[in-house]
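What the coordinates show
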Amino acid sequence: MFPKELKKHLLKVQKPGRYTGGELNSVVKDKSKIDIRYAFCFPDTYEIGMSHLGMKILYSLINSREDSWCERVFAPDTDMEKILRDNGIPLYALESGDAVKDFDAIGFTMQYELSYTNVLNMLDLAGLPVRASERKELTPVVMVGGTCVCNSEPMADFVDIVLPGDGEEVTNEVIDLLKQFKKENKSKQEFLTAASQIPGVYVPSLYDIGYNADGTVKSITALCGAPQKVVKRNVADLDKMFAPESFVVPFIETVFDRTTVELFRGCIRGCRFCQAGFLSRPLREKSPEEAERQCRAICDSTGYDEISLCSLSTSDYRGLEKLLNNMLTWTEERKINIALPSLRVDNFPQELMKRLTSVRRSGLTFAPEAGTQRMRDVINKNITEREILETSARAFAGGWNAVKLYFMIGLPTETDEDIKGIADLAQAVVDEFYKNPNKPKGKGAQVNISLASLVPKPFTPFQWEAQDTPDVLIEKQKYLISCVKSGKISVSRHVPWTSFLEGVFARGDRRLCAVIEKAWRNGCHFDSWEEHLKKETWLAAFEECGIDPFFYTARKRSFDEILPWDMMDYGVTKAFLISENKKAHNGETTPSCREKCSGCGAARLNGGVCNEMRKTVV
Amino acid sequence: MKCARLWYKKSGMAIYTSHLDMNRCFSKAVTRADIPLWYTEGFNPHPYMTFLAPLALGQSAKREPIDIKLEDDEITFDRVKSRLNAVLPEGLEIVDVTEGRMKPGEIAKAKYKIRCFFICEADAVSFRKNALNVLNSGEMFAEKRSKRGVKTVNLCPMVSKCVITAVDSLAVVEAVLSAGNNENLNPQLFIETLAQYSESEFDDIDIIRQSLLTESGELFE
């Protein structure tokens, strides 16, 4: 529902279906019977937020409690924002149409750094002060979770509570505490101090940060009995974990018009640039039986004709063949397409592949990430050129003609030869197409290179590395394009300034809060949308705050420097990351967890036993 | 295979669903209801389903037709109706399932009820008076967008009937306008142009499509 006064404006905005609520499976409760009203905010537009699995899980989880009601809130697009501001309508939640400022808890998911200004903008649209210290009342409590909170320091002044790791258990514990403290009329300070005692809860205001003269962090001091290290939460058994059986089905088309079921968390691969892979260790798998049951339940309740089996590397799922064979018995009949993102096609049974693509055929994508074997060894991406070419050949023989290849530039130790290698590899794939005697008639090969730039992230072996400046990246992109000789190859690039800002905030500290606030006040938001990113405004904000953004990106850090996120513990030890960093510079690879345990340290989160070790022993 | 014509009602939040999204919405509903639809046999199979008279964004409707093909000859129309109603989101409801008696091409007109909310009673009354004069003059031009570009056309020939009543600050316009593939007049464009010619400004409007009619004014079935 939306506020009444909005009705006459709704048809003036693009896609009004984003702002109405009332979708199938959305949850409406009787307010008078609710203790905790929770606004789950996604700091981007409806179409993007509604495609996000984490939100669906927490929405169902909170709504499964009788005492709580979770509603959804998205960032209004600029046309709608203007209407809200011009008419003094505060940001509202989609289910009730009630103002977000009156909720007990406001939870933001922070999936990418460039959504930070949207968080501020949404708080402001709600009519709340953006700074946590200026929100004096107990409620609403502003909490954040998601990938980016492994270093929430650039947002430390704006949020009350940070929840690193899996949210399924800790969300309930925080709600329980808030319910109790609200009933007892306790103060916000009392609540925050008590919350910091819950394992896996980080309260930024309870930490004092000291700085050295050179700008690096000197000390991190926990106050009021808060823990010196906050250990991320880890759900040990995915079969017993809460999993939703129905999702809200949007009226309008969203980014992913399909439903999603998770197969496992964690990753055995250890690609050295991949933050998600390290943050989500140790590996925990759902059983194929439970995964199938969830797929069926969700298809029944939503009616989607596509289901995505998601994880960081789907072909590493041990139950995959069993799951697919079981699922195909009903998905084929019901014309449901199974999408397998992050699938390595090299060792995938042909017969199964054929059946999978019998309903609808999706695109073919590889992520070699680097152009030469040397470079792939540095980043520990264990895929060889032979594997890529053989799989392409097989795909071309099966009727495909378009292949998308993901690469990264700006990697440590990168040379011109490595960049040229990207073009060479793409050319080799094109050549593979023309070698095929049964190539589809009338179609040429199409190879698309998608070129990203490395943003070194916390909790990866590259967290100490310097990031290439935008100017250097632009030169490297130009060089790559000059190496591409075939019209069959197209190159799509990321905007280096986007990666630059992302890099600043990924490894930034608390002093950036002032910059974010300034940039937002000067009109920056939706920074992840190329057309909205205001580079000059951002640079001016850094300047006004007396902060050099290149301090955070262009500087190589020493292993003994205190990092702004050192109060966080994601399981993987610093010693392991250091050894991985050294191996990278030596061009040495590390085997996957399934081949050999490398002792990353994450096993202790699961009571000392890593699933990988246990299952290989059994 | 058996053909059926579903008649649905659109109201509430569902009116903000565009024609394209309605298609998606009903495909999913049919799947949830486990109604065996006949699938197209192309590269990307999808259930056969045709909305006979697209409805513009933001307009409600009482009885709108969708043609479907059922794979199963045994299933009764009553079952189709009750199963769909059990799974449709609020604001969408199947009011009837029939065998299509007329060809889709016979749709030529539609009857609308347009409620115009004015700031005060005087505005509503003057709108009514002026609007009737405009309609009687037989000339009311507006820019109409079509596939061939923007053209200025006279809307009056596309208005077969129009009754206006004013009560307090509300004016109710009941109009029969051209609809269908040959000639179509969007009631939004009609009412906005009418208000402009009548030198009136309404605060808000509600548009409800009451029924679809044939060229001779007979109810489309």
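Residues numbered from 1 in each chain as written. Chains lettered and ligands numbered in written order. Predicted model: local features only at pLDDT ≥ 70, side-chain atom pairs only at ≥ 80, totals over all residues. Heavy atoms only, no water.

Observations regarding the packing of helix α12 (residues 385–397) of chain A against helix α13 (residues 416–435) of chain A
All names here are of chain A. As a packed pair, α12 and α13 sit with axes 9 Å apart at the nearest point and diverge in direction by 35°. Between α12 and α13 lies a crossing of right-handed hand. Each of E385, I388, L389, S392, A393 and F396 in α12 lies in contact with α13, whose residues at this interface are L425, A428, V429, E432 and F433. Grouping the constituent residues of the contact of α12 with α13 by class yields 8 nonpolar, 1 polar and 2 charged. (Axes fitted to C-alpha atoms, helices over the stretch in contact; angles between N-to-C directions. Helix = DSSP H or I, 4+ residues; strand = E, 2+ residues; numbered from the N terminus. Left-handed = near helix turned anticlockwise from the far one by under 90°. Contact = heavy atoms within 4.5 Å. Nonpolar A, V, L, I, M, F, W, Y, C, P; charged D, E, K, R; others polar.)

Concerning the domain arrangement of chain B
Residues and elements named next belong to chain B. Its domain assignment divides chain B into domain 1 (2–100) and domain 2 (106–213). Spacing between the C-alpha centres of domain 1 and domain 2 amounts to 29 Å. On the domain 2 side, the residues contacting the 12 residues of domain 1 number 10 residues. Summed over both sides, the interface between domain 1 and domain 2 buries roughly 830 Å², with carbon and sulfur atoms accounting for 48% of that surface. Taken as a group, Q59, S60 and K62 account for 51% of the area that domain 1 buries against domain 2, more than any other trio of residues on that side. Taken together, the links from domain 1 to domain 2 amount to 1 salt bridge. (Domains from an automatic or database assignment. Buried area = accessible area lost by both parts, 1.4 Å probe. Salt bridge = Lys/Arg side-chain N within 4 Å of Asp/Glu carboxyl O.)

So, the interface of chain B and chain A
Facing the 25 residues of chain B at the interface are 26 residues of chain A. Summed over both partners, the interface of chain B with chain A comes to about 2300 Å²; 60% of that surface belongs to carbon and sulfur atoms. Together, B:M13, B:Y16 and B:K28 form the three largest contributors to the area buried by chain B at its contact with chain A, with a combined 31%. Across the chain B-chain A interface, the total number found is 5 salt bridges. Between A:K7 and B:D206 there is a salt bridge, with the nearest N and O atoms lying 2.8 Å from each other.

Examining the side chain of A:K188
All names here are of chain A. Mapped onto the secondary structure, K188 falls in helix α6 (residues 188–195). In this structure the side chain of K188 is engaged in a polar contact, spanning 3.1 Å, whose partner is the backbone oxygen of A132. A distance of 2.8 Å separates polar atoms of two side chains, one belonging to K188 and the other to D160. Among all residues touching K188, those that are not within four sequence positions of it are A132, R135, K136, E137, L138 and D160. (Polar contact = N/O pair within 3.5 Å; in protein donor to acceptor, adjacent residues only side chain to side chain.)

Considering unusual backbone geometry
Note: most peptide bonds trans; most residues except glycine with negative phi. Residue and element names in this part refer to chain A. For the peptide bond that leads from T139 to P140, omega is -5°, which places it in the cis range. Considering the arrangement of structural elements, one finds P140 in the loop between α4 (116–125) and β4 (141–145). The residue after R281, namely P282, is reached through a cis peptide bond having omega -5°. Of note, P282 is situated in the loop between α7 (275–279) and β11 (284–285). Positive phi values are uncommon outside glycine, yet N380 reaches one of about 60°. Residue placement: N380 occurs in the loop between α11 (373–378) and α12. The phi torsion at F526 lies on the positive side, around 55°, for a residue other than glycine.

Overview of the pairing of strand β17 (residues 489–493) of chain A
In regular strands, side chains alternate between the two faces of the sheet. All names here are of chain A. Here 5 bridges tie strand β16 (residues 446–453) to β17, and the two strands are oriented parallel to one another. Bridge pairing in β17 links N448 to S490. In terms of handedness, the path from β16 via helix α14 (residues 470–483) over to β17 forms a crossover that is right-handed. (Pairing = 2+ DSSP bridges. Right-handed = clockwise from strand over helix to strand, strands pointing away.)

Description of the nonpolar core
In this structure, A:I161, A:F191, A:W538 and B:F26 are the most contacted members of the largest nonpolar core, which totals 148 residues. Setting aside anything within four residues of it in sequence, one finds A:W538 in contact with A:T117, A:L501, A:F505, A:V515, A:I516, A:A519, A:C524, A:D527 and A:L533. The next biggest cluster of nonpolar side chains, apart from the first, holds 39 residues, and it includes B:W7, B:I107, B:A142 and B:F220. (Core = buried A, V, L, I, M, F, W, Y, C linked by side-chain atoms within 4.5 Å. Buried < 20%, exposed > 50% of the residue type's maximum accessible area, 1.4 Å probe, protein only.)

Considering the domain arrangement of chain A
Residue and element names in this part refer to chain A. Taken domain by domain, chain A holds domain 1 (4–231) and domain 2 (363–509). If you average the C-alpha positions of domain 1 and of domain 2, the two centres end up 37 Å apart. Between domain 1 and domain 2, the contact holds 9 residues from the first and 11 residues from the second. Buried surface at the junction of domain 1 and domain 2, summed over both partners, amounts to about 840 Å²; 65% is from carbon and sulfur atoms. There are 1 salt bridge connecting domain 1 and domain 2. One salt bridge in this structure joins K457 and E113, with 3.3 Å as the shortest N-O distance. Counting every contact that joins domain 1 to domain 2 gives 3 residue pairs in polar contact (both at pLDDT 80 or more).

Some thoughts on the packing of α14(A) against helix α15 (residues 496–506) of chain A
Two quantities define a packed helix pair, namely the angle between the axes and the distance from one axis to the other. Residue and element names in this part refer to chain A. Interaxial distance between α14 and α15 falls to 9 Å at its minimum, and their mutual angle equals 140°. Considering their axes alone, α14 and α15 lie oblique with respect to each other. Seen from above, α14 lies across α15 with right-handed handedness. Residues P470, L473, I474 and Q477 of α14 lie in contact with α15, whose contacting residues are P496, W497 and F500. A per-class count over the contact of α14 with α15 returns 6 nonpolar, 1 polar and no charged. (Parallel < 35°, antiparallel > 145°, perpendicular 65-115°, else oblique.)

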